[in-house]
Amino acid sequence: MPSPRIPLPNLPLTVTVLSWAFNFVALKSLYAQMTPPAVSLVRFAAMYLVLIAICAARREPLALPKEHRFRILLAGFISMGAYMVLFLEGMSSTSASEGAIVLATAPVFTFVMACAVKQERFSVAALAAAVVAFVGVALVILGGAGAPSSGGSLKGNLIILASAAVWASSVVVMKPVLVDVSPLRMLTLSMPAGLLALIPYGGVAVVQTDYSAIDLRGWLMFGHVAILSGVVAFLCFYEGIRKVGASTATLYQFFVPPTTVFFAWLAFGEKIAPLQAVGLAVIIVGVASSYKARMAAPPSRS
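Just so it is clear, the structure is predicted and the values come from calculations on it, not from any experiment.

Participant: Would you explain the overall build of the protein chain in this entry?
Facilitator: Secondary structure assignment for the protein chain yields 13 helices and 0 strands. Along the protein chain, from the amino end to the carboxyl end, the secondary structure elements read α-α-α-α-α-α-α-α-α-α-α-α-α. Across the 302 residues of the protein chain, 50% fall into the buried class. Contacts in the protein chain between residues at least 24 apart in sequence constitute 91% of all its contacts with a sequence separation of at least 6. Accessible surface, the protein chain: about 13,800 Å² in total, of which carbon and sulfur atoms supply 70%.

Participant: Help me understand the nonpolar core in this model?
Facilitator: One recurring pattern in soluble globular proteins is that nonpolar side chains are buried together. Among the nonpolar cores identified, the biggest contains 72 residues, and Phe24, Leu27, Phe87 and Leu88 are the most heavily contacted of them. Ile72, Met174, Val177 and Met186 belong to the second-largest nonpolar core, a separate cluster that totals 9 residues.

Participant: How do you make sense of helix 4 (residues 96-103) when you look at a structure like this?
Facilitator: It helps to recall that an α-helix has 3.6 residues per turn; residues three or four apart then point in one direction. For helix 4, the buried fraction is high: 8 of the 8 residues fall into the buried class. When helix 4 is considered as a whole, its buried residues turn out to be Ala96, Ser97, Glu98, Gly99, Ala100, Ile101, Val102 and Leu103.

Participant: Would you take a moment to explain empty space enclosed by the protein for this structure?
Facilitator: The gaps of empty space that remain are located by a probe, the size of a water molecule, rolled over the atoms. Overall, the coordinates contain 1 cavity of 30 Å³ or more when judged by the stated rule. When its volume is computed, the largest cavity comes out at roughly 40 Å³. Of all the elements in the fold, those that place two or more residues in the lining of the largest cavity are helix 2 (36-58) and helix 3 (69-91). Here the residues of the lining of the largest cavity are counted per class, giving 6 nonpolar, 1 polar and 1 charged.

Participant: Looking at this structure, how should I read the packing of helix 2 against helix 3?
Facilitator: Any two packed helices are characterised by the angle at which their axes cross and by the distance between the axes. Where helix 2 contacts helix 3, the two axes come as close as 9 Å, and the packing angle between them is 140 degrees. The pairing of helix 2 with helix 3 is recorded here as oblique in orientation. For the element pair helix 2 and helix 3, the recorded crossing hand is right-handed. Residue-level inspection shows Pro36, Val39, Ser40 and Arg43 of helix 2 in contact with helix 3, the latter providing Met84, Leu88 and Glu89. Classifying every residue of the contact of helix 2 with helix 3 gives 4 nonpolar, 1 polar and 2 charged.

Participant: How should the packing of helix 1 (residues 11-30) against helix 12 (residues 256-268) be read in this particular structure?
Facilitator: Close contact between helix 1 and helix 12 brings their axes to 8 Å; oriented N to C, the two are set at 40 degrees. Looking at the two axes, helix 1 sits oblique to helix 12. Relative to helix 12, helix 1 is oriented so that their crossing is right-handed. Contact with helix 1, carried on its side by Val17, Leu18, Trp20, Ala21, Phe22, Phe24, Val25, Lys28 and Ser29, involves Val256, Thr259, Thr260, Phe263, Ala264, Ala267 and Phe268 of helix 12 and no other residues of that element. In terms of residue class, the contact of helix 1 with helix 12 is built from 12 nonpolar, 3 polar and 1 charged.

Participant: Which parts of the structure should I look at to understand a nonpolar patch on the surface?
Facilitator: There is a patch of nonpolar side chains on the surface, built from Val112, Phe122, Val124, Leu127, Val131 and Val135 and spanning about 530 Å² of accessible area. Looking at the nonpolar patch element by element, the count peaks at 4 residues for helix 6 (residues 124-145). Within the secondary structure, valine 124 is located in helix 6. Residue classification places valine 124 among the exposed residues on the basis of a relative accessible area of 61%.

Participant: Quick question: what am I supposed to make of the side chain of serine 170 here?
Facilitator: Within the secondary structure, serine 170 is located in helix 7 (residues 154-174). Classification of serine 170 as buried rests on a relative accessible area of 0%. With sequence-adjacent residues up to four places away left out, serine 170 is seen in contact with Ala75, Ile78 and Ser79.

Participant: Got a minute to help me understand unusual backbone geometry in this structure?
Facilitator: Note on backbone geometry: most residues besides glycine have negative phi, and most peptide bonds are trans. Located in the positive-phi region is arginine 59, a residue other than glycine, with phi close to 60 degrees. Mapped onto the secondary structure, arginine 59 falls in the loop between helix 2 and helix 3. Take arginine 59: its relative accessible area is 78%, and that puts it in the exposed class.

Conventions we followed
- Residues numbered from 1 in each chain as written.
- Predicted model: local features only at pLDDT ≥ 70, side-chain atom pairs only at ≥ 80, totals over all residues.
- Heavy atoms only, no water.
- Helix = DSSP H or I, 4+ residues; strand = E, 2+ residues; numbered from the N terminus.
- Buried < 20%, exposed > 50% of the residue type's maximum accessible area, 1.4 Å probe, protein only.
- Contact = heavy atoms within 4.5 Å.
- Areas by Shrake-Rupley, 256 points an atom, 1.4 Å probe, with all protein chains shown as cover.
- Core = buried A, V, L, I, M, F, W, Y, C linked by side-chain atoms within 4.5 Å.
- 1 Å grid on protein atoms, 1.4 Å probe; cavity = no way out; pocket = protein on both sides within 12 Å on 5 of 7 lines; lining within 4 Å.
- Points joined across faces, edges and corners; volume = space filled by probe spheres on them.
- Nonpolar A, V, L, I, M, F, W, Y, C, P; charged D, E, K, R; others polar.
- Axes fitted to C-alpha atoms, helices over the stretch in contact; angles between N-to-C directions.
- Parallel < 35°, antiparallel > 145°, perpendicular 65-115°, else oblique.
- Left-handed = near helix turned anticlockwise from the far one by under 90°.
- Patch = residues over 30% accessible without salt bridge, like charges linked within 9 Å, V, L, I, M, F, W, Y side chains within 5 Å.
- Salt bridge = Lys/Arg side-chain N within 4 Å of Asp/Glu carboxyl O.

Remember that the coordinates give geometry; whether it matters functionally is a separate question.
Put into structure tokens, the structure is as follows:
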């Protein structure tokens, strides 16, 4: 099967890559004025209000479909709740660059889990490529440990790795629902279930935060994290899928880690160690190879 070609430039997908890449930088900058637990709930409120408004403008129904109710709520608890807690907490203990690189393994976790529940057909080539990607993660983590000035930490990187696995599980839960429910509606309907994890995590912090002390830069960074990265980038990604197909659109995600490294260098002067640069290349090769093998494999019959 020939590899899909990327028809550059594709505006919606380019916006997605730039937004998601800068998100890591914006989040690290925002943490100087707002704690991760506070960010989790304030971000949730801003995102939810915007999504409700968009659904109303597009006349998307906001009633939970009975046949998918459990999956939608479970996906929301996982993706908007458990994942966000792990991701936000992990990013407080690692650098923007390392966080983006480690999180890039999410598609590999998705493959493994999808095979486990028979959503995808097992492929030895895809599994081998997945192993290559995880070798890359090990190089990134080891490289950071050998270069403390990188700003990362073993704890933070492991939490981000766990968040990638949790996000992947939410994708597996969502997949059957997205056959009948639009991504916008799915995202909006799933969000309230995330409060089961976000309120215990950020409830106290959101009350104790002095919002008057947050300056313009802080609010701009928050706007990026909540609206540009949390809403606009997702909608652009779905629009990209509509225009060029899921296979080609997914390839754009491979540009997120190196773009984040560039943004982090510009914003903070972050530098990745030579071993981490090798790890980044290995991860991209592994994830891309795994994806290519999955596209070449026949679909699961189950």
